[in-house]
Amino acid sequence: MSATLTSPEPKTSSRLDLKIIRTPRTRAMPSASELGFGRIFADHMFAMDYEEGRGWFDARIIPHGPLSIDPGASALHYGQAMFEGCKAFRSKDGRVQLFRGRRHAARMASGAPRLGMVAPDPDTIHQAMMALVDFERDWVPAEPGTALYLRPTLIGTEGFLGVRPSKKYLFFIILSPVGAYYPDGLKPVRIWVEKELIRAAKGGLGAVKAGGNYAASLYAATEAQKRGFAQVLWLDAMEHRYCEEVGVMNLFVQFKDEIVTAPLGGTILDGVTRDSVITLLREWGYTVNERRYAFDEMVAARSKGTLGEVFGTGTAAVVSPVGEFGHSEGVLQT
Ligand code: COI
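Bear in mind that the values here come from a model prediction, so they are computed numbers and not experimental data.

1. A short note on the packing of aromatic side chains
- Going through the model one piece at a time under the given rule, you end up with 12 aromatic pairs.
- Taking the centre distance of 5.9 Å and the plane angle of 65° together, the rings of Phe46 and Phe171 count as edge-to-face. Taken together, the residues span a long stretch of sequence, with Phe46 in strand S3 (residues 44-51) and Phe171 in strand S9 (residues 168-178) at a distance of 125 residues. For the pair Phe46 and Phe171, one class covers both residues: buried.
- Among the aromatic residues, those joined into a cluster by ring pairs are Phe37, Tyr149, Tyr181 and Tyr182.

Shown next as structure tokens:
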């Protein structure tokens, strides 16, 4: 890390009208082996406020640190909170590249209205991501398997206890240099097939990166972890048969000559890595179908010998092989 010193006077950049307040204390980037996922934060964050009638204002890069919000904020009481996750990589020639930032920005902007929230427009979100990564480029690690993870977040901040959409929002981005999401790196993960609890139903919030979707997953995930499984595979909410997504990953299954992933029907997240993997696989000549498939289809394929690769995709998890599914009636080795 280069030593960055305090600059008490705010600076302004033209496009976003960005104010910059530097931290008086910069920290050193830990070595790649110490990174893990999401435990270490870069020195600075981005923040911007919204008020009804005034729009978005006060775009700023400030020291990473605690937020001060009204305890009546709608994010705290009624779950008006959503986020994105994307990564910046350092390429072999040293350049820093944000992976599909515009697509992440568009997903946040289009998801916010479903939570009754107001997001900045996609271009502003993208500019904010680029400006912050550019400012903190020393925090982009270079070792293979590492990246700088961006966590753009939108929360309702108005202090008001009536149930209606907030009239004030805070959009912020924090940065975390990361290695592998799973502690065992790219070793095949063990996944628990959840046949009782559900993550999302048609018409609900499943396609939105709402904090509440993750809260809904935590109980089952904790129970699965107690049984030695890293993640939960969610099935459809109606019949509890069809594979949907794995909390932090979209799932891909190879049946003989076909690679299958669940369709985007409003209950699963439109994963950016999912989209990239579908595109690449098709370019490489594989048949990829976005269609419903039951967990039983995997079990049947396994016994016929036609079950091929099974893997999850996600920004944090990248492409992670699945080694085994556990469920109430037994275990399926892939
Ligand atoms: C991501 O891959 O960015 C995710 O959303 C997973 C995260 C919740 C760890």
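Okay, back to it.
2. A look at the site of the ligand
- Around the ligand, the structure places Phe37, Phe83, Gly85, Tyr149, Arg151, Tyr181, Lys209, Tyr214, Val248, Thr315 and Ala316.
- In the model, an oxygen atom of the ligand is placed 3.3 Å from a nitrogen or oxygen of the Thr315 main chain.
- Backbone polar atom of Ala316 to an oxygen atom of the ligand: 2.8 Å apart, as the coordinates give it.
- Isolated, the ligand exposes 280 Å² of accessible area, and the fraction of that covered by the protein chains is 90%.
- Taken together, the residues of the shell around the ligand sort by class into 7 nonpolar, 2 polar and 2 charged.

About the criteria used
- Residues numbered from 1 in each chain as written.
- Predicted model: local features only at pLDDT ≥ 70, side-chain atom pairs only at ≥ 80, totals over all residues.
- Heavy atoms only, no water.
- Phe/Tyr/Trp six-rings, centres within 6.5 Å; stacked < 30°, edge-to-face > 60°.
- Helix = DSSP H or I, 4+ residues; strand = E, 2+ residues; numbered from the N terminus.
- Buried < 20%, exposed > 50% of the residue type's maximum accessible area, 1.4 Å probe, protein only.
- Near = heavy atom within 4 Å.
- Polar contact = N/O pair within 3.5 Å; in protein donor to acceptor, adjacent residues only side chain to side chain.
- Areas by Shrake-Rupley, 256 points an atom, 1.4 Å probe, with all protein chains shown as cover.
- Nonpolar A, V, L, I, M, F, W, Y, C, P; charged D, E, K, R; others polar.

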